[in-house]
Amino acid sequence: MDCQQLIRDQELVNDYVKRIGESFIAESGSKAYPIYDGVMNPQLYAEAKPRISWVLKEPYDVIDADGTPKGGDWPLSAIYDTENVYDKIKGNRTLNTMSYVTYGIMNNLEYADMPWIYEDPAVANSLKSIVHMNISKFPAKTYTSMGNLAAYYETWRPILLFQLKVYKPQVVIFGNVMPYFQKDLGLEEIMKSDDDRMVNYAVKDNCLYIDAWHPCLRGKSDAYKEKYVNGIVKTVMEHASEINLDFPANPFKPGF
């Protein structure tokens, strides 16, 4: 993948997000500004095997005294622009789970065989190599209604589809938002996993689209988290040949 073209495309994304954001602020009087998402590190993403895009609901920043989101005007990549990403994401359930899933996919490992995130920087640092996208680019509260999310998708739909087009991911992991994209991406035919791994999927144009729960996993047990991580990793491994992926020779243990 051409890293320089990727940088140019990301600049286009940021410019588009800024313009839409300025228009929204002028109309609504919002106290918040967009948080720019997309490629976290162009060089690492261009070299990643596979190229993974996480698509979630919306970002967070600070909340006003009356509960109104504010802040923004910074790039999401700032979280990952550090020697040890774990130092910045301690206590963040969403990014913790994303770390294990991403590291597991890139190294063909199940959860039980991965190092602990707090012991090996490579686990959290795997997030430097991803695309991290949100449907809404504005900071929000920690809970979003499906009605609001549908409206956000319509607002940001052109840029969201442009992002997926230019980033050319080989694996897209949707955090409980895949239904919004199905029609636009032509993913009407979704396959359900034939076991209890908790994911559905579709393969189209050399890309694996995974429909999973949001990685925050609020209120869920460690056993549930392990099942979530392994379910996504196993789905990618099983469909690697369909999307032209070549993984390390590290087969899962029997029964995985």
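Residues numbered from 1 in each chain as written. Predicted model: local features only at pLDDT ≥ 70, side-chain atom pairs only at ≥ 80, totals over all residues. Heavy atoms only, no water.

Now for the overall build of the protein chain. The number of helices and strands found in the protein chain is eight helices and eleven strands. Computed over C-alpha atoms, the radius of gyration of the protein chain comes to 18 Å, within 12% of the 18 Å expected from 2.2 N^0.38 for 256 residues, which places it in the range of a compact globule. By its C-alpha atoms, the protein chain is 60 × 35 × 35 Å across when sized along the principal axes. Counting only contacts in the protein chain whose residues sit at least 6 apart along the sequence, the fraction spanning at least 24 positions is 74%. Each charge class in the protein chain can be summarised by its mean position, and for the 27 positive and 34 negative side chains these summaries are 3 Å apart. (Helix = DSSP H or I, 4+ residues; strand = E, 2+ residues; numbered from the N terminus. Rg over C-alpha atoms; globule rule 2.2 N^0.38 Å. Contact = heavy atoms within 4.5 Å. Lys, Arg positive; Asp, Glu negative; His and termini not counted. Charge placed at Lys NZ, Arg CZ, Asp CG, Glu CD.)

Soluble globular proteins tend to pack their nonpolar side chains together in the buried interior. If you look at the biggest cluster of nonpolar residues, it comprises 45 residues, and the most contacted ones within it are Trp54, Ile89, Ile105 and Ile232. Counting residues per element, the ones that place at least two in this core are strand E3 (52-56), helix H3 (86-89), helix H4 (93-107), helix H5 (121-125), strand E8 (171-175), strand E11 (207-212) and helix H8 (222-238). Sequence-distant contacts of isoleucine 89, defined by excluding residues within four places in its chain, comprise Ile79, Leu95, Asn96, Ser99, Ile117, Ala124 and Leu127. (Core = buried A, V, L, I, M, F, W, Y, C linked by side-chain atoms within 4.5 Å. Buried < 20%, exposed > 50% of the residue type's maximum accessible area, 1.4 Å probe, protein only.)

Remember that side chains alternate between the two faces of the sheet whenever the strand is regular. Along strand E7 (residues 131-134), one buried face is formed by Val131 and Met133 and the opposite face, lined by His132 and Asn134, is buried too. Taken together, the two bridges between strand E2 (residues 38-39) and E7 define a ladder with antiparallel strand orientation. Bridge pairing links glycine 38 to histidine 132 in E7. Here four bridges tie E3 to E7, and the two strands are oriented parallel to one another. Residue pairing in the sheet places tryptophan 54 in a bridge with histidine 132 of E7. (Pairing = 2+ DSSP bridges.)

By secondary structure assignment, the location of glutamine 10 is in helix H1 (residues 3-28). Looking at glutamine 10, the relative accessible area reads 10%, which means it is buried. C-alpha separation for the pair glutamine 10 and proline 169, spaced 159 residues apart in sequence, amounts to 14 Å. Residues contacting glutamine 10, with those up to four places away along its chain left out, are Asp37, Gly38, Val39 and Tyr167.

In any sheet, the strands associate via hydrogen bonds between backbone groups, in a parallel or an antiparallel arrangement. Strand order across the open sheet formed by seven strands is E2-E7-E3-E8-E11-E10-E9, with mixed pairing between neighbours. Each edge of the open sheet is held by one strand with a lone partner, namely E2 and strand E9 (191-192). Packing against the sheet, H8 makes contact with E3, E8, strand E10 (200-204) and E11, and its axis sits at approximately 160° to E11. (Axes fitted to C-alpha atoms, helices over the stretch in contact; angles between N-to-C directions.)

To continue, consider the packing of H4 against H8. Two numbers describe how H4 lies on H8: the axes approach to 9 Å, and their chain directions differ by 35°. Classified by chirality, the crossing of H8 by H4 is right-handed. Facing Asn96, Thr97, Tyr100, Val101, Gly104 and Ile105 of H4, the residues of H8 in contact are Lys225, Tyr228, Val229, Ile232, Val233, Val236 and Met237. Taken together, the residues that form the contact of H4 with H8 break down as nine nonpolar, three polar and one charged. (Left-handed = near helix turned anticlockwise from the far one by under 90°. Nonpolar A, V, L, I, M, F, W, Y, C, P; charged D, E, K, R; others polar.)

Another point: the confidence of the model for the protein chain. Overall, the prediction assigns the protein chain a mean pLDDT of 90, with 91% of residues at 70 or greater. Confidence drops under pLDDT 50 across residues 250-256; counting only partners more than four residues distant or on other chains, this segment forms 15 contacts. (pLDDT = per-residue confidence, 0-100.)

This brings us to H8. In this model H8 runs 24 Å from its N-terminal to its C-terminal C-alpha over 17 residues, within 8% of the 24 Å that 1.5 Å per residue would give. Most of H8 sits inside the fold, with twelve of its 17 residues counted as buried. Within H8, burial applies to Tyr224, Lys225, Tyr228, Val229, Asn230, Gly231, Ile232, Val233, Lys234, Thr235, Val236 and Met237. On its buried face, H8 sits against E3, H4, E8, E10 and E11. (Expected span 1.5 Å × (residues − 1).)

With respect to the helices, strands and loops of the structure, asparagine 108 is situated in the loop between H4 and H5. For asparagine 108, a relative accessible area of 8% puts it in the buried group. For the pair formed by asparagine 108 and lysine 234, sequence separation is 126 residues and the distance between their alpha carbons is 8.6 Å.

Another point: the pattern of salt bridges. In total, this model carries three salt bridges according to the counting rule given. Where arginine 19 meets aspartate 15, a salt bridge forms, and the shortest distance between an N and an O atom there is 3.2 Å. Taken together, the residues arginine 19 and aspartate 15, both in helix H1 and four residues apart, mark about one turn of the helix. Look at aspartate 15 and you get partly exposed, because its relative accessible area is 39%. (Salt bridge = Lys/Arg side-chain N within 4 Å of Asp/Glu carboxyl O.)

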